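Summary of the model geometry
As a plain string of letters, each chain reads:
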Amino acid sequence: MVRARVQLLLGILFLASLSVSFGIVHREHQESQEESDSRGQNNPFYFSSDRSFHTLFKNQYGHLRVIHRFDQRSKQIQNLENYRVVEFKSKPNTLLLPHHADADFLLVVLNGRAILTLVNPDGRDSYILEQGHAQKIPAGTTFFLVNPNDNDNLRIIKLAIPVNNPHRFQNFFLSSTEAQQSYLRGFSKNILEASFDSDFKEIDRVLFGAERQQQHGEESQEEGVIVELKREQIRELIKHAKSSSRKELSSQDEPFNLRNSNPIYSNKFGRWYEITPKKNPQLKDLDVFISSVDMKEGGLLLPHYNSKAIVILVINEGEAKIELVGPSDQQQQQEESLEVQRYRAELSEDDLFVIPAAYPVAINATSNLNFFAFGINAENNERNFLAGEKDNVINEIPTEVLEVSFPASGNKVEKLIKKQSKSHFVDAQPEQQQREEGHKGRKGSLSSILGY
Amino acid sequence: MVRARVQLLLGILFLASLSVSFGIVHREHQESQEESDSRGQNNPFYFSSDRSFHTLFKNQYGHLRVIHRFDQRSKQIQNLENYRVVEFKSKPNTLLLPHHADADFLLVVLNGRAILTLVNPDGRDSYILEQGHAQKIPAGTTFFLVNPNDNDNLRIIKLAIPVNNPHRFQNFFLSSTEAQQSYLRGFSKNILEASFDSDFKEIDRVLFGAERQQQHGEESQEEGVIVELKREQIRELIKHAKSSSRKELSSQDEPFNLRNSNPIYSNKFGRWYEITPKKNPQLKDLDVFISSVDMKEGGLLLPHYNSKAIVILVINEGEAKIELVGPSDQQQQQEESLEVQRYRAELSEDDLFVIPAAYPVAINATSNLNFFAFGINAENNERNFLAGEKDNVINEIPTEVLEVSFPASGNKVEKLIKKQSKSHFVDAQPEQQQREEGHKGRKGSLSSILGY
Amino acid sequence: MVRARVQLLLGILFLASLSVSFGIVHREHQESQEESDSRGQNNPFYFSSDRSFHTLFKNQYGHLRVIHRFDQRSKQIQNLENYRVVEFKSKPNTLLLPHHADADFLLVVLNGRAILTLVNPDGRDSYILEQGHAQKIPAGTTFFLVNPNDNDNLRIIKLAIPVNNPHRFQNFFLSSTEAQQSYLRGFSKNILEASFDSDFKEIDRVLFGAERQQQHGEESQEEGVIVELKREQIRELIKHAKSSSRKELSSQDEPFNLRNSNPIYSNKFGRWYEITPKKNPQLKDLDVFISSVDMKEGGLLLPHYNSKAIVILVINEGEAKIELVGPSDQQQQQEESLEVQRYRAELSEDDLFVIPAAYPVAINATSNLNFFAFGINAENNERNFLAGEKDNVINEIPTEVLEVSFPASGNKVEKLIKKQSKSHFVDAQPEQQQREEGHKGRKGSLSSILGY
C-alpha cells in the first residue's frame, strides 16, 4: 500500500513533467518539432517494448510479461483502467505449465502455432491455434499452452480484464517451480492430508518434490513455469487437440481465425482484417473488436478516427511512424484545448500504442509491416476516414457548410477533398512513388508480404 | 495533473467548509433557518447559472459551456461521475461548425428551432428539431447545428457521457478558427500531402487559410465556432433536412418529441411530460428518462422521491423554490444520520439542481415555470408521492402500521393523509387561493402558459 | 470529507502494518506459523462480528448494523467497492418501521420468520418469509419487517448495492423516533401545510408528536425504529400477507426459498444448497448467487476455487476454520508474487469472510455448522475443486502434463490425485474418523443437524 502510494506519487511527478514537456504546441505547424522527440519517449500513448513492460517470468524457454497500467500514463485514457495487456513468448517444443488467473483473457496468436488446452471441472477442450486465431479464456479457467513446433517461436498477446481488482490480476500455478510456489502448498498439512486422503510426506514427495529438493539431485524442481517437452509428449497432446470431451460445448466457444475472413479494406498498399462483436459471440461478450493489418513499406493508413472504440495497437512485424492528434495532457486540465497536439512515435516490433476514441490518427509503414489491434468498447464503432474516396466523413458534409467552415470557396474545398482517388491505404510519398515505379523496386517487396 | 491535485485539494477544503456550514440541523424544525441561505449558495446540489459553468466557447453569436463536475460537489452524488451537462445557445441564422466529441450526447431543444445534421462515413441525416425534441448523438459522430430562425434564439441542453475518461470529453473541430485549431492541422506536412494527394501550400491555403491570415484580409479566419449563415445557405440546408441519404436508417434513430405525448400528470396547477426508456430505444440505450414540466405561478409539486433515478433538473423559464431532504454531507461520514437536512434553493432560468435517488423533494413555482429534467439510472424508476390522492406511497401503508409509526391514532393519521384530495400539483397557498379565486386574478396568468 | 480523509489515512497505515505482519511466507511450509494469528486478526478477508460492523441502530428490540467497507481492507477485493452487507436482528413480536433506502437490497432470512411488506405507490405486497427465503427489495421501495413469532428471534442479512454513491446508502424513515427524524420533518411549514391541506399544528401533532413530546407523557415518541407489536396487530398483518393488491405482479417478483430445491452437493459430511442467476430472475438482475451450506462437526469442504465469483460468507451457526490461498497484500504491489500466502481464520457466529475469485479455499467445520454465502459476479461461475472424485479440475489434466508439472512420475501423481474417493465434503481427520466409527460417537451428532 505504501509502495503503491510512492508509485502513485512518482506517477504524478512523471505526468507533471510530461505536461511541461508537452507545452510546445502547433501554432505555426512547425515542422522543426517533428525532429525532436522522434522516438516518442514522452508520449503517454506510446508503450515501448523495452521500457513499458513488467516481466512476470522469464527463463531460457520464454517469458511472460505485462504492460504498465494504461490509466497511470494519462488521464486521457483513464477508461482503460480495467484492461491490461500480457505478452507471452516461448521457444519450440515447450509448455507453459497449468495455471489459472483472476482475469478474463482474450488470447491471440501473433506468430507460430499453439496447442491451447482449457481444463474445466467436467472435462477439457484442446485446440490447435494458428497465427491470427483468437480465443476467450474465461476467468478462473485452468489452462496450459504448448508450442508444438520444432523451429518456430510462439508469440501470443492477451487482453486481460481482472475480476477482483480493476487493475491487478494474479496467476495461480498448480506446480511448484523455482519461479513460484504451487497454490496447493498454501494449505496446511492437515487440510492436505484430509483432502488427498494421504500422508503429508507422500503428498510433499509427489507434488512438491521435498526430498529431491533437499538432495539437489538432477531431477530437481523445474526451473520455471515454461518447460521443455519431448516430441512424444507433444504428439500425444496433439492427438487429443481439437477434440472435446466437455459437455455442452458449442461452436460459440471455439477459437476463430481473424485472417480467414475477407479483408474489410484492401489495395496494393495494405489489407485490413477485422472481427467485430456482431460477428462473434466471444467478442460480443467482451465488447472488443480485433484487427490484423498488413502494410507495404511506404504505405500510409489515411487519417481517420474511431467513433467510440479505444484501440490498443501492437506492432507484430516491421516498423512504422504514427501520428495521433488530440488535446495536450496539460490543456485537458482546462477541459477544452484551443490548440491540437501531435503525438508522434516511431514504432518497432513489440511496441504498443493506444489510440483514444475520436482522436484522429495516421500510420506510415516505414518497412513492411503487420500490426494487431484490440478495440475496446467496440459495439457499433465506426471508423471515420478524413481523406480518401470511401468512408470519408468530410466528403459527406454539404458544400454550404464546407464554404463557411474553411477559408477557400466551397468548390475549392470540395476539389481538394475529392482529389485523393484511393481509399484507406495510399502511398506515403506519391511523387517519389511515380519515379520509383519505373524500376518496380518497392513493388517487389510488397508482393512478398501480401502474397500477391 | 498537478493542477488537478490542487483542484482536488480546493475541492476538499470547500467540502470541509460546507460540512461546517451545514452543521445546523432541524431538531426544532426552526422556520428561522429558512430565511438564511435562501439562494442556496452552499447547497451542493444547486448549480447556479452564473457560477457553476465553465465556458468552452463564446462569441457574439452564442456560447457553449459545460457544468462543473457533479461528483466534485458532494459524495452524495458520486455516481454521477460519468455524466456532464452542456448548454448551447445561439442567435438567429447561425451555424455551430462541424465537429465530433469523445462522448455520447443526448441533445434536447429547450427553446427555438434547430437543424441538426449527423454526418457519417456513409451518408448524413438532417433533422428539423422543435422545442422538446430529443436526439442521441453517438460518440464520435461528426455533426453541425443550424439556428434557422430569423428571430428566435436557440437553446439546447446536452447530457454528455464521455468514453475515454469518466469526466472529461473533448470537442474536435474540423475548421481552424480564432477559437481553436482544426484537428487536421495536427498532422505533419508529409501526411497531409500524401492524404490529400496535393501540395502542402495548396492544402494550407484551402483548409487553414495561411495566406489570408498573414495578409489580415477581410476574409480572414472565422472568429469562432459559431458563425453567421446567409438565408440562401439556410434555405439550402432546410431543403435537405428530414430526408436521409444514409443506409439502414430506422425510425429508432430519429428524433422524438417529449411534448407530443400526453402528460403523465396534469391539472390546473401543472403538466408533466415524460418519455422513459421503455418508450424509446435511444433512451433505453442510455438508461435515461427525460421530463418537461409546466407549472403555474403559485403551484406546488407535491413532496415525492424517485425510487432509483438521479435527476438533473434544468430551469428553462421562470423561477421556483425547491426543498430537498437528505442527510447532511457531514453526517453521511458517519454512515447514518439521525437528523434530516433540508437543502433549499431559489432557482431561476438556466440554473441546475440535482435530486439524488430516494431523497424527498418538493418544488414551489414562484412564477410561471417550465423545467426540464434528465433522469439517470431510469429503468423501472417509480415516483413515490408522499402527499396527495394518487401515487401516494403513504396511503398504501396499513392502518396497524401507521398506528405504531406515528404518535396519533391510526384513524387520525389516515384522516390527515387523505385530506389532500388533489394529486401531483396543488396550490402552494391553499387558503390564499380561495380568497383570490373570487377575483380570478391568478387564474388568468395560468391559462396563458398552459394554453387552457 | 476531512473525516473521510483521516479514515483513509488510518486505513493506509493499517494496510501498511498488515503488509509487514504478513511478510512471513510459506517457504518451508512451516506448521509453526499456524499457531500464531489463529483468530485471523490481521487477515484482510476476515470480518469479525464484534469489530467489523458499524451499528446504525440498536435498542432492546433489536439492531441494524452494516459491515465495514470491503474495498478499504485490501486492494485484493477492490471490485467489492459497490457492495455493502447489512445485518438485522429483532426480538419476537416486533416491527422495523416503514422506510426506504438509496440502495438495492437482496434480503435473506437466516433465522426465524418474517412478514416483509413492500409498499409501492400503486399498492403493496406482503410475504411470509421462512428461513432460507430471499427477496430483492428494489432501491427506493418503502418496506417494513415484522417478526411475528412469539419466541424466535429474527435474523436477516442484506446485500446492499447503493445507487447514489458506490459505498454509501441512507435509510429514510417515515416516522420520527428518538433514534432519527421523519424525512417529512425536513420540509418547511409552508410546504407541509399545502401538501396535507392542513394547519401545521395539526400535522405536527399527528405526525411528529409535538405536544406529547413536550409533556413528556407516557405515549411519547417511540424509542427507536424497532418497536413492539401487539398480537392483534400481528394477526391483522399476517391475514393480508402473501396476498397481493398490486397490479402486474408476476411470480418473478416473489420471494424464493434457497432450501426448497435439492442440494447441489450432499453426503454425510455436508449439504450445499444454491440458487444461481440462471434459476432466478431476481438473482439474474443482480448477478448474484446465494448458497446455504450445512456441515457436520469434523467435516472438511475440500479445497476449491470459484472461477469468477467473489464470495461473501456469513457464519450462521457454529464454528469453522478457514484457509484461503492467495498472494500477500505486500507482494501484490509487485504485480506477481513468487510465494503463496495462507490466510487463516477461526470463524464463529455472525463472522464474515470474503473469498476472492480464483483464490483456493478450504473450510473445516469445528462444530456443526451452517453458513450462508452471497456470490458476486455470479453468472457462469464454476466451482473448481482441487481434490476429491467429482468436479476436480486436476483430474482433467492429461498425464503427460502432470508428468512435467510435478516432481513425481505421471502415474504416481495420478495415483495420489485419485486416492480421495469422496467428493466436495470429506472427513477432516480421516484416520481418527475410522477409529471413532467403532463407537459411532460423532455420527450421532451429525444426523441431528442434517436430519438423516
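Residues numbered from 1 in each chain as written. Chains lettered and ligands numbered in written order. Predicted model: local features only at pLDDT ≥ 70, side-chain atom pairs only at ≥ 80, totals over all residues.

Under an unreviewed UniProt entry, the name given to chain A is Cupin type-1 domain-containing protein, and the source organism is Vigna mungo. Of chain A, the UniProt comment under Sequence similarities (unreviewed entry) reads exactly: "Belongs to the 7S seed storage protein family." (UniProt positions renumbered as here; feature names shortened; annotations may be inferred.)

1. Considerations on the overall build of chain A
Counting secondary structure elements, chain A contains twelve helices and 26 strands. Within chain A, the fraction of its 452 residues that count as buried is 55%. Of all intrachain contacts in chain A linking residues separated by at least 6 positions in sequence, the fraction that spans at least 24 positions is 75%. (Helix = DSSP H or I, 4+ residues; strand = E, 2+ residues; numbered from the N terminus. Buried ≥ 20, exposed ≤ 12 C-beta atoms within 10 Å, placed from the backbone. Contact = placed C-beta atoms within 7 Å.)

2. Side note on the relation of the copies chain C and chain B
The transformation that overlays chain C on chain B combines an axial shift of 0.0 Å with a rotation of 120 degrees, and the residual RMSD is 0.0 Å. Such a combination of turn and shift is consistent with a three-fold rotation axis. (Least-squares fit on C-alpha atoms with pLDDT ≥ 70 in both.)

3. Concerning the interface of chain C and chain B
At the interface, 66 residues of chain C touch 70 residues of chain B. The class makeup of the residues in the side of chain C that touches chain B is 31 nonpolar, 22 polar and 13 charged. (Nonpolar A, V, L, I, M, F, W, Y, C, P; charged D, E, K, R; others polar.)

4. Re the sheet that holds strand E4 (residues 84-90) of chain A
Here seven strands make up an open sheet; going across it, the order is E2-E3-E4-E11-E6-E9-E14 (chain A) and the pairing antiparallel. The open sheet has two free edges, formed respectively by strand E2 (53-59) and strand E14 (256-257) of chain A, since each of these has just one partner strand. (Pairing = 2+ DSSP bridges.)

5. Here's the deal with helix H3 (residues 189-196) of chain C
Residues and elements named next belong to chain C. Counting buried residues along H3, six of its eight residues qualify, which places the element largely inside the surrounding structure. Looking at H3, one finds that the buried residues are Ile191, Leu192, Glu193, Ala194, Ser195 and Phe196. Trailing H3 by a residue or two, Asp197 shows a phi angle of about 50 degrees, which is positive.

6. With respect to the UniProt feature "domain: Cupin type-1" (unreviewed entry) in chain A
Taken from the UniProt record, the annotation "domain: Cupin type-1" (unreviewed entry) applies to residues 45-204 and 256-414 of chain A. Helix makes up 8% of residues 45-204 of chain A and strand 48%, whereas the separation of the span's terminal C-alpha atoms amounts to 48 Å.

7. Some points on the interface of chain A and chain C
Taken together, the contacts link 66 residues of chain A with 71 residues of chain C. Of the residues contributing to the side of chain A that touches chain C, the split by class is 31 nonpolar, 22 polar and 13 charged.

8. Considerations on the packing of helix H10 (residues 410-419) of chain B against helix H4 (residues 200-208) of chain C
Look at H10(B) against H4(C): their axes get within 10 Å of each other, and the N-to-C directions meet at 135 degrees. One element, H10(B), and the other, H4(C), form an angle in the oblique class. Considering how the two elements wind past one another, H10(B) and H4(C) form a crossing that is left-handed. Contact with H10(B), carried on its side by Lys412(B), Val413(B) and Leu416(B), involves Glu202(C), Ile203(C) and Val206(C) of H4(C) and no other residues of that element. Residues that form the contact of H10(B) with H4(C) fall into these classes: four nonpolar, no polar and two charged. (Axes fitted to C-alpha atoms, helices over the stretch in contact; angles between N-to-C directions. Parallel < 35°, antiparallel > 145°, perpendicular 65-115°, else oblique. Left-handed = near helix turned anticlockwise from the far one by under 90°.)

9. Some thoughts on the confidence of the model for chain A
All names here are of chain A. On average, residues of chain A carry a pLDDT of 84, and 79% of them reach 70 or more. Note that pLDDT drops below 50 for residues 243-249; the model gives that stretch twelve contacts with residues more than four away or on any other chain. The low-confidence segment residues 435-452 (pLDDT under 50) makes 14 contacts with residues lying over four places distant or belonging to another chain. Per the prediction output, this complex has pTM 0.87; the corresponding ipTM is 0.86. (pLDDT = per-residue confidence, 0-100.)

10. With respect to the pairing of strand E11 (residues 154-162) of chain A
Residue and element names in this part refer to chain A. Burial runs high along E11: eight of the nine residues are buried. Inspection of the sheet shows E4 paired to E11 by seven bridges, in the antiparallel sense. In the sheet register, Glu87 faces E11, and the bridge partner there is Ile157. Two strands pair when backbone bridges link them, and strand E6 (residues 103-111) and E11 are joined in this way by eight bridges, in the antiparallel orientation. Bridged to Val108 within E11 is Ile157.

11. Quick notes on the environment of Phe144(B)
By secondary structure assignment, the location of Phe144(B) is in strand E10 (residues 142-147). Phe144(B) has contacts with Val401(A), Leu95(B), Leu96(B), Leu97(B), Pro98(B) and Thr117(B), leaving out every residue within four places of it along the chain.

12. As for the domain arrangement of chain A
All names here are of chain A. The assigned domain composition of chain A is domain 1 (37-251) and domain 2 (256-450). Every contact between the two is made by 34 residues of domain 1 and, on the other side, 32 residues of domain 2. At the level of elements, strand E1 (46-47), E6, strand E9 (133-137) and E11 are the ones that each hand at least two residues to the side of domain 1 that touches domain 2. Grouping the amino acids of the side of domain 1 that touches domain 2 by side-chain chemistry returns 16 nonpolar, twelve polar and six charged. (Domains from an automatic or database assignment.)

13. As for the pairing of strand E16 (residues 270-275) of chain B
Residues and elements named next belong to chain B. Looking at chain direction, strand E15 (residues 265-267) and E16 are connected through three bridges and run antiparallel. Residue pairing for E16: Asn267 is matched across the bridge by Gly270. The hairpin turn running from E15 into E16, its antiparallel successor, is two residues long. Where E16 meets strand E17 (residues 288-295), six bridges bridge the pair, whose relative direction is antiparallel. Along E17, the bridge assignment pairs Ile275 with Ile290.

14. A short note on the sheet that holds strand E11 (residues 154-162) of chain C
Residues and elements named next belong to chain C. The strand order across the open sheet formed by seven strands is E2-E3-E4-E11-E6-E9-E14, and the pairing between neighbours is antiparallel. Of all the strands in the sheet, just strand E2 (53-59) and strand E14 (256-257) have a single pairing partner and so form its edges. Relative to strand E4 (residues 84-90), strand E3 (residues 62-67) is paired through five bridges, and the arrangement is antiparallel. From the neighbouring strand, Arg65 faces E4, where its bridge partner is Glu87.

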